[in-house]
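Residue-level structure breakdown
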Amino acid sequence: MSRINKNVILALLTLTSSAFLLFQLYYYKHYLSAKNGAGLSKSKGSRIGFDSIQWRAVKKFIMLTSSQNVPVFLIDPLLLELINKNLEQVKNTSHGSTSGCNFFCVPRDFTAFALQYHLWKNEEGWFQIAENMGFQCLKIESKDPRLDGIDSLSGTEIPLHYICKLATHAIHLVVFHERSGNYLWHGHLRLKGHIDRKFIPFRKLQFGRYAGAFDRPELQQITVDGLEVLIPKDPAHFLEEVPHSRFIECRYKEARAFFQQYLDDNTVEAVAFRKRAKELLQLAARTLKKLGVRFWLSSGTCLGWYRQCSIIPYSKDVDLGIFIQDYKSNIISAFQDAGLPLKHKFGKVEDSLELSFQGKDDIKLDIFFFYEETDHMWNGGTQAKTGKKFKYLFPKFTLCWTEFVDMKVHVPCETIEYIEANYGKTWRTPVKTWDWKRSPPNVQPNGIWPVSEWDEVIQLY
Amino acid sequence: MDDWKPSPVKPFGARKKRSWYLTWKYKLTNQRALRRFCQTGAVLFLLVTVIVNIKLILDTRRAISEANEDPEPEQDYDEALGRLEPPRHRGSGPRRVLDVEVYSSRSKVYVAVDGTTVLEDEAREQGRGIHVIVLNQATGHVMAKRVFDTYSPHEDEAMVLFLNMVAPGRVLICTVKDEGSFHLKDTAKALLRSLGSQAGPALGWRDTWAFVGRKGGPVLGEKHSKSPALSSWGDPVLLKTDVPLSSAEEAECHWADTELNRRRRRFCSKVEGYGSVCSCKDPTPIEFSPDPLPDNKVLNVPVAVIAGNRPNYLYRMLRSLLSAQGVSPQMITVFIDGYYEEPMDVVALFGLRGIQHTPISIKNARVSQHYKASLTATFNLFPEAKFAVVLEEDLDIAVDFFSFLSQSIHLLEEDDSLYCISAWNDQGYEHTAEDPALLYRVETMPGLGWVLRKSLYKEELEPKWPTPEKLWDWDMWMRMPEQRRGRECIIPDVSRSYHFGIVGLNMNGYFHEAYFKKHKFNTVPGVQLRNVDSLKKEAYEVEVHRLLSEAEVLDHSKNPCEDSFLPDTEGHTYVAFIRMEKDDDFTTWTQLAKCLHIWDLDVRGNHRGLWRLFRKKNHFLVVGVPASPYSVKKPPSITPIFLEPPPKEEGAPGAAEQT
């Protein structure tokens, strides 16, 4: 009997405790949903969820940066996306009445912030203080790319990334540097020998796989989950930039070697041409930006950038490429409004379109439209006299940012393939006579325009 | 036992199905095992519940405690300051000994420490005098290397100054090359005596002398050889001695452990000869925090400091720059021409950004290439900047330097006919400058602390900057009409910079004494500039015409070089007319400048044939007739003054340095 009683008691105990456990499970589920479901949870407890490690790390980090006047803003794509979706709600929630941790408690490995380096007044000592607050910090430095273009300067290294870890959560602080051309640049996160590769899962970082370039964002202050943070005023625009932000530096060292071999042309005419070409390129870039049309440096202009980091003085024109799907019907009128009359128009939108505008002082702006096939890209050419069509084939490429004559512009990321398709393996040797119908190795005859279409596809002004 | 029926273990929740299965299975096999199993399971289950409960309680407590202690990070921060750096390694280690060799002779000196030559000078016609080397008593590192040409006047004063600055305990090494006694005066000899030297105070004409001693401590070795006759030198002497090293502990000061003092410690353990900055008891500050400027228009203008290997100059320069009101240190970049360590150390002491530049080309062209690289880099580093302030390492910066620029910089934006704003008035000497609130427009570019417009640099100057093979002075090039294209610079009457450099590419003591020493330098803070907008192109013409109309015409029969040429009044405006046949005829002006003891090596400070300066506290205008358009103001009765240039014989000093 006593044994049975004992068993009954045991069973009872088990029952109560399991009931209790069930209750806890329910409670935990509730708690987890408060953490995950941003904007969805209707939790009542005001401090619910605020003990998540992510939130705590971000809070500490924001305390640190505001007390040390470190100018940072939030760039974490995951969080910006969430905030962007609920922007109105976030703005309307006043500081005191936060209901649940909807954003910063979202489970994730990192939170990415940007540091505006040029606004940072007292760099010294910051690191130490972060570490003393419990962060484990890693600083990644490199030489300053802004000095690379100048012969023979060697400066103090600049910080590119800080990674500060608090328990299991890491803050990735991406250092944004100002560059000529009104944009912000961040460096490639390169792990040098002494760095602990297991410090954090570096591969999962959102920034730093490549160097990146961004338009300088306007910022706004908002209160998210009880924390005051700066975010880009237009989070959607910033988020659009992120996947296409890859930046490649001009090859300054190779350019110097090139000039040692071939000497730079510093005659008055060359200086004047470069100045005019630069102005034309800037004008074209402004015009296309207004239209929202992507473009990249093509042909000779691209070669000038890649080979010598400057405009080839005897190239006589500025060449740009545009994907045909980005074509807008008002391109021609926009250029004409900018003071660049149409010089000729070959082809049509469906086939081999090419536009040419007349700049000041006999300098021409050529725009080639690129058509995409399954395994290659091509642009077309037309011989005005005969109506013959040509096709220039390129391997597929994507676009990267670079800096050229004080501007942020696109170039094909796979530059070498692009240039070799266009100029062959001997592109390193300057060639002054170039026949666009015969010289390029990637040219193919592409039939002839029917005479009935000539009026449309061959327009000369 | 028999009535035991295994209760369906409901609470197992997720495991329910499995338990039913188990129950059924065990029923068929072994009831005892089943009971055991159930009991263990229940106990485990209870344990888990307890643990989860405890965790929950802990979590809640933590959340509550966190909510209650918001100022926590501040506490952390205070603690942080307390333990910023772990206590330094205090072990003294085995005491080491340095083996020092010092050689002194007529044509060669050298010093070797532990077999490493730290000084070797056998160049002809160079390095005469007393060479001094300072070693760190703990590490044996060379902290300073100087040569004082005590054959020439005043060099012994510099030596006394230097030796007094060296911290006690340092190892001093002295050696004479050629001659070091001719202008070695009593003060210097007394100092050498106080160092314990026997031969130093008695150093005679063309004696050789080598000395090793500890500052304030014992002499560690000395050798001396008297010159037998006026026409010959003492025998070469070679001193070999052992210098015991002391512990790092003794060699360092015990400053409070702050970020600033860490910089100071790093600096002071490496170099010597910077005076009280390394003083243990009362070190001079290295952070100045001058008053901010209200409405500072130049807060975000980058400042490029162009430097070479004159670290003591750089130190003095940066001190004055960082003390100027409205300075923003993070905008300053120091560009060092060459891989010199000591200037970099000075830059690091003040926590500034330093950039080294591999020298290209030689002499003037090297300076010119350094300027180009520095300016390009400045605009690359600060792409948003519309201007850059360009300074050199041998300038003192006035306390109101940035205030002066802040008040005038809008002119550069609004007036295309301007080339630069400069802090330096070429003709602003003690006796020719008076009014710190007054500005001029001049056709020459003075340099020496000036503001460059980015568009001017990027669009005009940079593309055609002289290439390395052209041995041109960058400033001379900038002054050429092709570059200046008729544009003018704004300058103050009283300079906001002071050129103190005595050693330099085109500079020597005589030249400095004659042309730079008596330059007026503003020391008044917060001067409100007068009528800044009247400096714009058209407004300035109105202003000049007004001045000329008011001006009293001087007595042209008197000698303009005489002091009595101007009456003994104060606050009047006078005008004199000199002969100037063409725009480039400066014959009379040059003679006048010479006798007024102002800059006469080339023409500076003119505006359309008009010069403005002060004499005896009166504004003094000089108009070149008939070339100047202001000649119309000349009364018909007045004959312009003509001064004959002296016959050509006194070879004027070469190209004037104004870098």
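Everything numeric in this text was worked out from a predicted model, so none of it was measured. (Residues numbered from 1 in each chain as written. Chains lettered and ligands numbered in written order. Predicted model: local features only at pLDDT ≥ 70, side-chain atom pairs only at ≥ 80, totals over all residues. Heavy atoms only, no water.)

**So, the nonpolar core**
Residues and elements named next belong to chain B. The biggest cluster of nonpolar side chains holds 117 residues, and the ones touching the most others in it are V305, L318, L321, L391 and W589. Among the elements that line this core, the one with the most residues is helix α11 (residues 401-414), at 7 residues. Filtering out sequence-adjacent residues up to four positions away, L391 remains in contact with V303, A304, V305, I306, M317, L321, I397, F401 and G449. (Core = buried A, V, L, I, M, F, W, Y, C linked by side-chain atoms within 4.5 Å. Buried < 20%, exposed > 50% of the residue type's maximum accessible area, 1.4 Å probe, protein only. Helix = DSSP H or I, 4+ residues; strand = E, 2+ residues; numbered from the N terminus. Contact = heavy atoms within 4.5 Å.)

**Describing the state of the cysteines**
All names here are of chain B. By the definition in use, this model includes 7 disulfides over all chains. Sulfur-sulfur distance for the disulfide between C268 and C278 comes to 2.0 Å. Judged by the sign of its S-S torsion, about -90°, the cystine formed by C268 and C278 is left-handed. Placement of the pair is C268 in helix α7 (residues 259-268) and C278 in the loop between α7 and β10 (303-307), with a sequence separation of 10 residues. C278 sits in the buried class, given a relative accessible area of 13%. Regarding the disulfides, chain B carries the connectivity 1-4, 2-3, 5-6, 7-8 under sequence-order numbering of its bonded cysteines. Residue C174 stays outside any disulfide, its sulfur separated by 20 Å from that of C278, the closest cysteine. Relative accessible area serves as the criterion here: at 1%, C174 is assigned to the buried category. (Disulfide = S-S within 2.5 Å.)

**Concerning the packing of aromatic side chains**
All names here are of chain A. Scanning the model with the defined rule gives 55 aromatic pairs over all chains in all. Here W120 and Y162 contribute two aromatic rings whose centre-to-centre distance is 6.2 Å and whose plane-to-plane angle is 85°, an arrangement assigned as edge-to-face. In this pair, W120 is assigned in the loop between β2 (110-116) and α5 (126-132) and Y162 in strand β5 (residues 158-166), connecting sequence segments 42 residues apart. The pair formed by W120 and Y162 is uniform in burial state, with each residue classed as buried. (Phe/Tyr/Trp six-rings, centres within 6.5 Å; stacked < 30°, edge-to-face > 60°.)

**Observations regarding the domain arrangement of chain B**
The domains assigned to chain B are domain 1 (97-249), domain 2 (254-286), domain 3 (303-532) and domain 4 (536-633). Of note, the centres of domain 2 of chain B and domain 4 of chain B, computed from C-alpha atoms alone, are 51 Å apart. (Domains from an automatic or database assignment.)

**So, the pairing of β5 of chain A**
A regular strand carries its side chains on alternate faces of the sheet. Residues and elements named next belong to chain A. By the criterion of burial, β5 is predominantly enclosed, with 9 of the 9 residues buried. Pairing of strand β3 (residues 136-142) with β5 involves 7 bridges; the strand directions are antiparallel. Residue S142 lies in a different strand from β5, and its bridge partner there is I158. When β5 meets strand β6 (residues 169-179), the two strands line up antiparallel, connected through 6 bridges. In the sheet register, Y162 faces β6, and the bridge partner there is L173. Here β5 folds back onto β6 in antiparallel fashion, the turn holding 2 residues, of which A167 has a positive phi close to 55°. (Pairing = 2+ DSSP bridges.)

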